[in-house]
Amino acid sequence: KLTTAAEWGKPSNAEAEQRSMVEVGVEGSLTIPKFLIPFKAKEFTRKYNARTIINTSYNYQDRREYLRTIANASYSYRIKGNIYNTHTITPVDFNFVQVGDEIDSVFWKRIDSTRLRSSFIDHTVLAARYSFEYSNQVVQKLRDFVYFKTSFESAGNLISTFSDSTFLGVPYFQYLKIDFDFRFNNQITPGNRMVYRIFAGVGYPLGKSQTLPFERMYFSGGPYGIRAWRSEELGPGSYNYRQSDYYYNRAEMKLEANLEYRFELFWKLEGALFVDAGNIWSLYPDPERVGAQFKWNSFLKEIAIGTGVGTRINLSFLLFRVDFGLKLRDPARLWKTDPADPTGEN
C-alpha cells in the first residue's frame, strides 16, 4: 500500500517561507492462514479460522514546523470466535519515531513547556493490544443489526522492568488505553433507517510518561466525529483554540455520540439528517490549555453539539459522502469570555 498527501497553506508568520507540506507512506502486510506459534495448532486453526498477520510500514512527514519519520512493525493473530465475532491479539506493535534537527523555532518554543514536547523528540512505542469485534449484520438483508468493538492497549510496561528511561537509546512511552465503540442500525422501512453510535475511550500515562504519544491521543471533529467542527478543531473541554497560534487539540479522553436518520431519495442517492455530541478532555491540569481538564462537576457543560444534513451516493462497493454541519453548542464560546461578546450572551 502506498499513500501520499500534500497541503498548501498560509505561513504562521509573515517572515516564514511559504512551502508545501508533504507526507509519503509505504506499508506491507502479509496474512498467513495459520496460527504461527511454537507448538502445533492445526485443529485450532481449522476450527477458529485463525490467521497470523505481519505488518510493516514507513511514514515520512515534511511539514513547515518539523520533519518526522515513523517506522512501524507489528505481529498479530486474528481469530474468528463464530460468524459474528472476531478476536485480534497483537503481542508486538513497535514504533520508532525520529524527528529531524531543523524543527521550527517558533513551533518548538510553543510546545517546549507543554506535555506535547515528548512527541516531537526521538522516541519509541512498544505496545501490545487486544481487540474484540462483534457484528450480526447480514449483507444484502435489510434488518436491524448491532456492531460493537472494544480494544485494550498496553505500552512500555514490559520495558520499564528492565530500563528506567530509555529503550534503544531513546525515550519510550508507557501507558494503558481502553476504548469502546457501539453502533445500532434500526431498519424502520426498506428505505429508511436510524443509526445510533456511542464511543468512549481513555488512556492513562504511566511511569515517567506525562501523556500519550501524539498518534495515540484522541481528537474530535471532522467527517467521522462531531461534523460541525473541522478535524482536531474541537476541545479539549472548554479550551478556546482561537487564542493559540498552534492548537494541538488532542487529549487522553473522549466521549462521543451520533444520531443519524438516513433515507432514500432516488437512484443511488441517499439523504441524511444528523445530530452529533461529545468532546475530548485532558486527564491532568494543563496551564497552556485552560479548561482542558476533565472534571466530573463540569464536563456536561463542555459537551459540544452539532447538527446538519448530508447526501450519500451508495454504489454498494463504494460510498461517496458529503455532510454539512452547523454548530449548535460550542463549549469554547459558551463557558469562556469571548472578546467579541464581553457580555457573555453568545
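That block above? That's the structure.
Residues numbered from 1 in each chain as written. Predicted model: local features only at pLDDT ≥ 70, side-chain atom pairs only at ≥ 80, totals over all residues. Heavy atoms only, no water.

1. A short note on empty space enclosed by the protein
Thought 1: Scanning all chains against the criterion turns up two cavities of 30 Å³ or more.
Thought 2: In this structure, the second largest cavity spans a volume of roughly 40 Å³.
Thought 3: Lining the second largest cavity, in full, are Trp229, Glu233, Leu234, Gly235, Gly237, Tyr239, Tyr241, Asp330 and Ala332.
Thought 4: Looking at the lining of the second largest cavity, its residues break down into five nonpolar, two polar and two charged. (1 Å grid on protein atoms, 1.4 Å probe; cavity = no way out; pocket = protein on both sides within 12 Å on 5 of 7 lines; lining within 4 Å. Points joined across faces, edges and corners; volume = space filled by probe spheres on them. Nonpolar A, V, L, I, M, F, W, Y, C, P; charged D, E, K, R; others polar.)

2. Considering the packing of aromatic side chains
Thought 1: Enumeration over the complete set of coordinates arrives at 17 aromatic pairs.
Thought 2: Relative to Phe299, the ring of Trp281 lies with its centre 6.2 Å away and its plane at 80 degrees, an arrangement referred to as edge-to-face. Residue Trp281 is located in strand β13 (residues 269–281), and its partner Phe299 is located in the loop between β13 and β14 (304–314); the two are separated by 18 residues in the primary sequence. Here Trp281 matches Phe299 in class, with each residue buried.
Thought 3: By the ring-pair criterion, three or more aromatic residues cluster together here, those being Tyr66, Phe107, Phe120 and Phe214. (Phe/Tyr/Trp six-rings, centres within 6.5 Å; stacked < 30°, edge-to-face > 60°. Helix = DSSP H or I, 4+ residues; strand = E, 2+ residues; numbered from the N terminus. Buried < 20%, exposed > 50% of the residue type's maximum accessible area, 1.4 Å probe, protein only.)

3. So, unusual backbone geometry
Thought 1: Residue Gly235 is joined to Pro236 through a cis peptide bond whose omega torsion reads -5 degrees.
Thought 2: Notably, Glu232 is not glycine yet its phi reads approximately 70 degrees, a positive angle.
Thought 3: With respect to the helices and strands, Glu232 occurs in the loop between β11 (192–205) and β12 (253–266).
Thought 4: A residue is classified by how much of its surface remains accessible, and Glu232, at 22% relative accessible area, is partly exposed.

4. Digging into the pairing of strand β4 (residues 67–80)
Thought 1: With twelve bridges connecting them, strand β3 (residues 51–62) and β4 associate as antiparallel partners. Counterpart to Ser57 in the pairing with β4 is Asn72.
Thought 2: Turn length for the β3-β4 hairpin, with the two strands adjacent in sequence and antiparallel, is four residues.
Thought 3: Bridge count between β4 and strand β5 (residues 85–99): twelve bridges; the pairing is antiparallel. By the bridge assignment, Arg68 is partnered in β5 with Val99.
Thought 4: Here β4 folds back onto β5, and the loop between the two strands holds four residues. (Pairing = 2+ DSSP bridges.)

5. What about the environment of Thr124?
Thought 1: Inspection of the secondary structure assignment puts Thr124 in strand β6 (residues 123–135).
Thought 2: Using a relative accessible area of 0% as the deciding quantity, one classes Thr124 as buried.
Thought 3: Placed 49 residues apart in sequence, Thr124 and Phe173 show a C-alpha to C-alpha distance of 6.7 Å.
Thought 4: Beyond its immediate sequence surroundings of up to four residues, Thr124 is in contact with Phe94, Asn95, Phe96, Phe167, Val170, Pro171, Tyr172 and Phe173. (Contact = heavy atoms within 4.5 Å.)

6. So, the side chain of Asn59
Thought 1: Turning to its location among the elements, Asn59 is positioned in strand β3.
Thought 2: Residue Asn59 is classed as buried on the basis of its relative accessible area of 15%.
Thought 3: There is a polar contact of 3.0 Å between the side chain of Asn59 and the side chain of Gln61. (Polar contact = N/O pair within 3.5 Å; in protein donor to acceptor, adjacent residues only side chain to side chain.)

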